[in-house]
Amino acid sequence: MTEIRPFSCFDLFKFNKVNLDPLTETYGLPFYLHYQAKWPEYYFTALAPNGDIQGYIMGKSEGKDSMKQWHGHVTALTVQPTYRRLGLARKLMNLLEEVSEKKNTWFVDLFVRQTNTAAHELYKNLGYTTYRRVLNYYGASSKDGLEEDAYDMRKSMSKDVNKETTEPLKRPVRPDEIEWH
């Protein structure tokens, strides 16, 4: 049976099988540790009974409440290929959304590669909508050397009763048009 628990810095030594997936964004150790130190409530690991890391989620809260931009953000969600289709991604997303609700955020957002149709469908099934397309968001890391667009997907939290913060934009945006917090 899967155990979902807060991420530990020792997990960094055991999550290679998860991070070797080509659709998983990987970062340097300081990045992971920064998230664990600053937003530990948004960082969870799914463990198999044999101790394998099945997947993890890391996120944060950011933005200004006065501008209806206070939100939870999914920085990374990944499940090791051998543990997919078990509902782990859904469970991890639910935990992140629960934290975002407790923090009284307006919405949760995430970025997903335009070509990652499985993830796009998962998020749609979880109630996320495509807020906007971000042109050339992902650098030329694919084997063909081309940049790739991202979907910025959002899901309103209970604070956003009228779903104002998830109303889709009419046109795509460039990365330099995104307001980073």
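Predicted, not measured: the structure shown is a model, and the values here were computed from it. (Residues numbered from 1 in each chain as written. Predicted model: local features only at pLDDT ≥ 70, side-chain atom pairs only at ≥ 80, totals over all residues. Heavy atoms only, no water.)

**Q** With reference to specific residues and values, describe the nonpolar core.
**A** One finds M93 and Y123 to be the most contacted residues of the largest nonpolar core, which totals 38 residues. In terms of residue count, helix α3 (residues 88-102) provides more of this core than any other element does, six residues in total. Excluding anything up to four places from it in sequence, M93 contacts I57, V74, L77, L110, Y123, L126 and Y128. Among the nonpolar cores identified, the runner-up in size contains six residues, and V134, Y138, A150 and I178 belong to it. (Core = buried A, V, L, I, M, F, W, Y, C linked by side-chain atoms within 4.5 Å. Buried < 20%, exposed > 50% of the residue type's maximum accessible area, 1.4 Å probe, protein only. Helix = DSSP H or I, 4+ residues; strand = E, 2+ residues; numbered from the N terminus. Contact = heavy atoms within 4.5 Å.)

**Q** Tell me about the environment of T26, residues and numbers included.
**A** The residue T26 is located in the loop between α1 (16-19) and α2 (29-38) in this model. Its relative accessible area of 46% is what places T26 among the partly exposed residues. Sequence-wise, T26 and N16 are 10 residues apart; in three dimensions their C-alpha atoms are separated by 9.9 Å. Sequence-distant contacts of T26, defined by excluding residues within four places in its chain, comprise N19 and Y32.

**Q** Got a sec to walk through helix α4 (residues 117-125)? Specific residues and values, please.
**A** Helical periodicity: at 3.6 residues per turn, an α-helix aligns residues three or four positions apart in one direction. All of the buried residues in α4 are A119, H120 and Y123. Along the axis of α4, the buried residues cluster in a sector spanning 100°; they form a single face. Exposed side of α4, more than 90 degrees from the buried face: T117 and N125 are the residues found there. Considering only its buried residues, α4 is in contact with β4 (71-79), α3, β5 (107-113), β6 (129-138) and β7 (148-156). Positive backbone phi, at 100°, marks G127, one or two positions downstream of α4. (Arc of directions from axis to C-beta.)

**Q** Could you give me a rundown of the environment of V74, with the residues and numbers involved?
**A** By secondary structure assignment, the location of V74 is in strand β4. Among all residues touching V74, those that are not within four sequence positions of it are I57, M58, G59, M93, L96, V108, D109 and L110.

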